[in-house]
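Each chain is listed here by its residues.
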Amino acid sequence: MQMLSRISASSTAFFHLRSSLLRPRFYFHPNNPFSLPIQPHHRRPLFSSSMDSATSTTVDSVADNFKKQSIENNDSNSNCNSKRMLKLEELNWDHSFVRELPADLRTDTIPREVLHACYTKVLPSVEVENPQLVVWSESVAELLELDPKEFERPDFPLLFSGASPLVGAAPYAQNYGGHQFGTWAGQLGDGRAITLGEVLNSKSERWELQLKGAGKTPYSRFADGLAVLRSSIREFLCSEAMHSLGIPTTRALCLVTTGKDVTRDMFYDGNPKDEPGAIVCRVAQSFLRFGSYQLHASRGKKDLEIVRTLADYAIRHHFPHLENMSKSESISFSTGEEDDSAVDLTSNKYAAWAVEVAERTASMIARWQGVGFTHGVMNTDNMSVLGLTIDYGPFGFLDAFDPSFTPNTTDLPGRRYCFANQPDIGLWNVAQFAKTLSTAQLLNDKESNYAMERYGIKFMDDYQAIMTKKLGLAKYNKQMIGDLLKNMAVDKVDYTNFFRLLSNVKADPTIPADQLLIPLKAGLLDIGMERKEAWTSWVKSYIQELSTSGVSDEERKASMNSVNPKYVLRNYLCQSAIDAAEQGDFGEVRRLLKVMQHPFDEQPGMEKYARLPPAWAYRPGVGMLSCSS
């Protein structure tokens, strides 16, 4: 918290973060859900160029970008017949990470502290016995322009378990640190993930391929570097489900079993058991994390230059627009202090970068809140500098709405990473990232201050836009949304199903009071008379608000259903697929993938995947999980 102490008194009220952060400052409150004490509008940036729209992007424009990408992908898919798809041996590898960044001088996998290096060259060492392909993603294969026939190759499971080398790959494990549950943990690194390298497609898009569970690295500490089928299925399915929900995320190309067992103590209770081993091939533009920078900044003067080198690398390859800013763009902001002077972000690309990382993080977390997703382990080593959802461990989508829900048994004592705390934790993590850049003298105090302020403004802008659209409102109504969330929390209403049902409400103020709850009947189960009155009162005011918008019921329903999914990857659905897969039946994993690829569609015949969790879903190891995998 030393960095925050340097912020001026006028800004302290905005940014003061508790050292433990066990209670959210984005408070869940009936009239102010996830509220952040935003400063007056004079503290917003003084933009005077086209960069204004880029910095104050709304959730709708972000959504439009995702839709545009999907359209472009569909257009490119329609030309697949005319474009030659690639064999594995024809992938265009580049390896900028190993080429441009400092390497570990050793290549052994002995657990150790790795100094003055961003990575260690290491080969997969997993043992396999008749490995099998469980499932693969067509859309990720299309990103890589990989021929679908390649997944039929007899040697495919060997190649993507790491048992056989991929032609052109240059495997390595990344070195990084991080704060875990608010405490600095020092060096962590890729303890069971091995990056094969970067593939460039015909659009010059860069995609890193990474095998998770491929064996020991110097960062494995006391672990075996392996992964089990249970966690691998969850990671594969959630990566692809989140993408289909329009949430920035790492992706997953394929999942293979190793044919060998892995011993895991799932509940940390001294009762380990053997589980089937498996490996996911994760895909992302980059797996750089906040902790990738934190580690080197923590090691003192000799490694501070690595922070700059790593920042230059990220900007060059993933934020190239920041390299090309010019003074004519007049990117400046006011801190609102008495001795204030405008700061030109074009004079410091690192400050512009920190702002963009903060805003991407805020936008991602706003989208998590919108669909009721709880990450479960928001350590700084699990925060992507690209604003991607990364490292799917104990995650969970809200079933019964509970702001204090955490899917992580390790998090139960303090619920640091519970659903309601996620926005505040995001800000805390951004503060640690800004502190790292400041330590390396890449940012000054005002620039760090501004990056955190932009996080808060961006989060609230996006969150309010999301909730407004989820309710089909013409404009944000703080009181109405706050009252709704209060009612949902009191009655433990299913988050996903309720918002989907809400689109059935008609904007007709003449509907009799005793009929107002009929469209929501399936979502309001077992409520007494007093609660019916509370809900009836809310629906009445909701209808009154809708009736002033001038939007037809049909148009509003279509709009609401485009942002309120019918299907989310509930933990019990994952468990059903896992149970079958552990018996050698991968059909349910594949069916679940197909359903989750179209979360906003009705999908006749698939209604069972939208059902409330059964009683068995609340047993340990299903609704809540440990960090063990």
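Residues numbered from 1 in each chain as written. Predicted model: local features only at pLDDT ≥ 70, side-chain atom pairs only at ≥ 80, totals over all residues. Heavy atoms only, no water.

(A) Spotlight on the overall build of the protein. In terms of regular secondary structure, the protein is built from 19 helices and 13 strands. Within the protein, the proportion of its 629 residues that are buried is 58%. A fraction of 74% describes how many contacts in the protein between residues 6 or more apart in sequence connect residues 24 or more apart. Put simply, the protein shows about 24900 Å² of open surface, and 52% of that area lies on carbon and sulfur atoms. (Helix = DSSP H or I, 4+ residues; strand = E, 2+ residues; numbered from the N terminus. Buried < 20%, exposed > 50% of the residue type's maximum accessible area, 1.4 Å probe, protein only. Contact = heavy atoms within 4.5 Å. Areas by Shrake-Rupley, 256 points an atom, 1.4 Å probe, with all protein chains shown as cover.)

(B) Spotlight on the environment of Leu255. Along the chain, the position of Leu255 falls in strand β8 (residues 251-264). In the structure, Leu255 is positioned 26 residues away from Cys281 in sequence and 6.4 Å away in space, judged by C-alpha atoms. Contacts of Leu255, omitting those with residues within four sequence positions, involve Gln132, Leu133, Val134, Val135, Ser232, Ile233, Phe236, Ala278, Ile279 and Val280.

(C) Here's a closer look at helix α17 (residues 553-561). Looking only at α17, the buried set comprises Arg556, Met560 and Asn561. All buried residues of α17 lie within an arc of 125° about the axis, which places them on one face of the element. What points out from α17, more than 90 degrees from its buried face, is the exposed set Glu554, Glu555 and Ala558. (Arc of directions from axis to C-beta.)

(D) The arrangement of the packing of aromatic side chains in detail. Applying the stated criterion across every chain yields a total of 28 aromatic pairs. With 4.5 Å between their ring centres and 20° between their planes, Phe156 and Phe160 make a pair best called stacked. Plain terms: the ring middles of Trp368 and Phe373 are 5.5 Å apart, the flat faces sit at 70° to each other, and that makes the pair edge-to-face. The two residues Trp368 and Phe373 agree in class, both being buried. Three or more aromatic residues joined by ring pairs form one cluster here, namely Phe401, Phe419, Tyr495, Phe498, Phe499, Trp535, Trp538 and Tyr542. Just above the ring of Phe395 sits the side chain of Arg234; from NZ or CZ to the centre is 4.1 Å. (Phe/Tyr/Trp six-rings, centres within 6.5 Å; stacked < 30°, edge-to-face > 60°. Lys NZ or Arg CZ within 6 Å of the ring centre and 35° of its normal.)

(E) Region of the structure containing the side chain of Asn408. With respect to the element layout, Asn408 can be found in the loop between β13 (396-397) and α12 (422-439). Accessibility expressed as a relative area gives 0% for Asn408, which makes it buried. A distance of 2.9 Å separates a polar side-chain atom of Asn408 from the backbone nitrogen of Thr410. (Polar contact = N/O pair within 3.5 Å; in protein donor to acceptor, adjacent residues only side chain to side chain.)

(F) Just the packing of helix α11 (residues 349-371) against α12, in detail. Packing of α11 against α12 brings their axes to within 10 Å, and their N-to-C directions diverge by 165°. One element, α11, and the other, α12, form an angle in the roughly antiparallel class. Crossing of α11 over α12 shows right-handed handedness. Two secondary-structure elements touch here, α11 through Tyr350, Trp353, Ala354, Val357, Ala358, Thr361, Ile365, Trp368 and Gln369 and α12 through Gln422, Pro423, Gly426, Val430, Phe433 and Leu437. For the contact of α11 with α12, a count of residues per class yields 11 nonpolar, 4 polar and no charged. (Axes fitted to C-alpha atoms, helices over the stretch in contact; angles between N-to-C directions. Parallel < 35°, antiparallel > 145°, perpendicular 65-115°, else oblique. Left-handed = near helix turned anticlockwise from the far one by under 90°. Nonpolar A, V, L, I, M, F, W, Y, C, P; charged D, E, K, R; others polar.)

(G) Representation of unusual backbone geometry. If you check the backbone angles, His116 has positive phi at about 60° while not being a glycine. In this structure, His116 sits in the loop between α5 (96-100) and β1 (119-121). Unlike most non-glycine residues, Asn130 shows phi in positive territory, near 55°. Structurally, the position occupied by Asn130 is in the loop between β1 and β2 (132-136). Judged by its relative accessible area of 62%, Asn130 is exposed.

(H) Quick look at the pairing of strand β9 (residues 273-284). Counting buried positions along β9 gives 9 out of 12 residues, so the element sits mostly inside the fold. Sheet topology places strand β7 (residues 206-212) next to β9; 5 bridges connect them, and they run antiparallel. Residue pairing across strands places Lys212 opposite Val280, the latter belonging to β9. Where β8 and β9 come together, 10 bridges link them in antiparallel fashion. Within the sheet, the bridge partner assigned to Arg251 lies in β9 and is Val283. (Pairing = 2+ DSSP bridges.)

(I) Structural detail: the nonpolar core. Grouped together as the largest cluster of nonpolar side chains are 132 residues, with contacts concentrated most on Tyr293, Trp353, Leu471, Met488, Leu502, Tyr542 and Leu569. Looking at which element gives the most residues to this core, the answer is α11, with 14 residues. Looking at which domains feed residues into this core, each of domain 1 (96-295) and domain 2 (473-550) supplies at least three. Excluding residues within four positions of it along the chain, Leu569 makes contact with Arg234, Leu237, Cys238, Ala241, Phe395, Phe397, Cys574, Leu592 and Met596. Among the nonpolar cores identified, the runner-up in size contains 34 residues, and Leu88, Leu146, Ile194 and Trp207 belong to it. (Core = buried A, V, L, I, M, F, W, Y, C linked by side-chain atoms within 4.5 Å. Domains from an automatic or database assignment.)

(J) Up close: the side chain of His179. By secondary structure assignment, the location of His179 is in strand β4 (residues 177-180). A polar side-chain atom of His179 sits 3.0 Å from a polar atom in the side chain of Gln294. Every residue in contact with His179, bar those within four places of it in the chain, is listed here: Trp184, Gln294, Asn379, Thr380, Asp381, Trp428 and Gln432.

(K) Representation of the pairing of β4 in the model. As paired elements, β4 and strand β5 (residues 183-187) share 3 bridges and run antiparallel to each other. Along β5, the bridge assignment pairs Gln180 with Thr183. The turn joining β4 and β5, which pair antiparallel and follow one another in sequence, is formed by 2 residues; a positive phi near 55° is taken by Phe181.

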